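Examination of the molecular architecture
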Amino acid sequence: MTSSFTLVQLRYFAAVARLEHMTAAAAELNVTQSTLSSAISQLERELEVQLFTRMPRRGLRLTPAGAALLARSGAFLEEAELIERSVRSVDDALSGEIVVGIYAPLAPFHAPSILARCEERYPGVTIEFFEGDQGTLQEALYDGRCELALMYDLGVDERFERTVIDRIPPHVIVPEDHPVARSGRSSASLTEFADEPLVLLNLPHTRDYYLSLFRQLGIAPRIRHVSLGYETVRSFVARGIGYSVLNQWLDHGVTYSGARVVPLRIDEPLPPTEVSLVRRRGLVPTQKSLAVARVCAELTRERPHASRTSMHTNETPH
């Protein structure tokens, strides 16, 4: 028998799932907490599943059934809104909220321009960025906390489909008083640094990618320091603690430490990292997520890139 849950119940559920707190969701929706709690309970009865796990003093967490409902409800709710707008003969411009996942090292390079372009083009859409590492973003996509994520291709599994919008080769950074930097060269062989200390960006999957580059050249790097922070790595290098290998290229060498680094292209033809738009496989995308995806691809094409290889856009199962 088909369940007779309502759009209101589904909207209430989506708000609670996003905020993970009944009181906060009630305030946002401008309803009483008892009204909201009753609607969620009724929805659970209609679907004959538990949607949330109640955690004392820690709010709510989605159950697997709740995560499945959230993942599939976005496009449904958006379509309902568009139907309502068309019936009322209201301008069908996009509106509402969307959570966009973004790989943390990519966020300072891309999030501000994505937000600015989307606010200009789609003023009715509110974007919230969810920053995380590769694994965290995949889980957020799968359980519906975000619908679209801008991330590297590293470790993306078969649950997701991805659109590659950029390919970025690795490069070396050294302190500005390093002999290679003082020589005025713009590139170097990675083998030149084999005996020098390495500062490694130590994020899941990213670490494995960088270490694989050394293995391809038969180098055993001397890892001196590791860090989870992109700018921390650059600051360590600027202070002469070692060199590093990164992907996102910055022409200016200023770091938070006050000292500078110099980026160098790598002479060897090492594999680039692919920047991709990733979404859960098999779900119908909302128009908001398609709009954000178009903006991301557009901005990538416009963005000057000193170390960039050719850019491709194609749907690629991974």
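Residues numbered from 1 in each chain as written. Predicted model: local features only at pLDDT ≥ 70, side-chain atom pairs only at ≥ 80, totals over all residues. Heavy atoms only, no water.

**Section: the sheet that holds strand β7 (residues 171-175)**
Here we have four strands laid out as an open sheet, ordered β8-β12-β7-β11, and mixed in their pairing. The open sheet terminates on both sides in strands that have one partner only, identified here as β8 (187-188) and β11 (244-246). As judged from the two bridges shared by β8 and strand β12 (residues 261-266), these two strands associate in the parallel manner. When the bridges of β12 are listed, A188 appears paired with I266. (Pairing = 2+ DSSP bridges. Helix = DSSP H or I, 4+ residues; strand = E, 2+ residues; numbered from the N terminus.)

**Some points on the pattern of salt bridges**
Tallying each qualifying case throughout the model produces 15 salt bridges. When the shortest N-O distance is used, the salt bridge between R185 and E192 registers 2.7 Å. Assessed through its relative accessible area of 35%, R185 is described here as partly exposed. Of the residues examined, E192 reaches a relative accessible area of 34% and is grouped as partly exposed. Note that R234 and E231 form a salt bridge whose closest N and O atoms lie 3.0 Å from each other. Of this pair, R234 and E231 both sit in helix α9 (residues 230-238), separated by three residues, roughly a single helical turn. We classify E231 as partly exposed; its relative accessible area is 22%. Through salt bridges with shared partners, a single ionic network connects R117, R121, E298 and E302. (Salt bridge = Lys/Arg side-chain N within 4 Å of Asp/Glu carboxyl O. Buried < 20%, exposed > 50% of the residue type's maximum accessible area, 1.4 Å probe, protein only.)

**Digging into a nonpolar patch on the surface**
On the surface, a cluster of nonpolar side chains totalling about 250 Å² of accessible area is made up of F5, L7 and F76. Here F76 shows up in helix α4 (residues 64-87). (Patch = residues over 30% accessible without salt bridge, like charges linked within 9 Å, V, L, I, M, F, W, Y side chains within 5 Å. Areas by Shrake-Rupley, 256 points an atom, 1.4 Å probe, with all protein chains shown as cover.)

**Some words on the nonpolar core**
Counting 72 residues, the largest nonpolar core has L190, Y243, V245 and V292 as the members making the most contacts within it. When residues of this core are assigned to their parent elements, the largest contribution, seven residues, is made by helix α10 (residues 287-302). Core analysis: the next-biggest nonpolar cluster, separate from the first, contains 20 residues, A14, A39, F52 and L69 among them. (Core = buried A, V, L, I, M, F, W, Y, C linked by side-chain atoms within 4.5 Å.)

**Some words on the packing of helix α1 (residues 7-19) against helix α3 (residues 33-47)**
At a minimum axis separation of 9 Å, α1 and α3 run at an interaxial angle of 110°. If you check the angle between α1 and α3, you find them roughly perpendicular. Across from Q9, Y12, F13 and V16 in α1, the residues of α3 making contact are T35, L36, A39, I40, Q42 and L43. Split by residue class, the contact of α1 with α3 holds seven nonpolar, three polar and no charged. (Axes fitted to C-alpha atoms, helices over the stretch in contact; angles between N-to-C directions. Parallel < 35°, antiparallel > 145°, perpendicular 65-115°, else oblique. Contact = heavy atoms within 4.5 Å. Nonpolar A, V, L, I, M, F, W, Y, C, P; charged D, E, K, R; others polar.)

**Side note on unusual backbone geometry**
Generally, phi is negative for residues other than glycine and the peptide bonds are trans, each holding for most cases. Phi at E48 takes a positive value of approximately 60°, unusual for a residue other than glycine. If you trace the backbone, E48 turns up in the loop between α3 and β1 (52-55). Although it is not a glycine, H205 adopts a positive phi angle of roughly 75°. Relative to the helices and strands, H205 is located in the loop between β9 (197-201) and α8 (206-216). Residue classification places H205 among the partly exposed residues on the basis of a relative accessible area of 29%.

**A short note on helix α2 (residues 22-29)**
Quick reminder: α-helices carry 3.6 residues per turn. Residues three or four places apart thus point the same way. Of all the positions in α2, only M22, A25 and A26 are classed as buried. Along α2, the residues classed as buried sweep out an arc of 100° about the axis, all on the same side. For α2, the secondary structure elements touched by its buried residues are α1, α3 and β2 (59-62). Within two residues after α2, N30 carries a phi angle of roughly 60°, on the positive side. (Arc of directions from axis to C-beta.)

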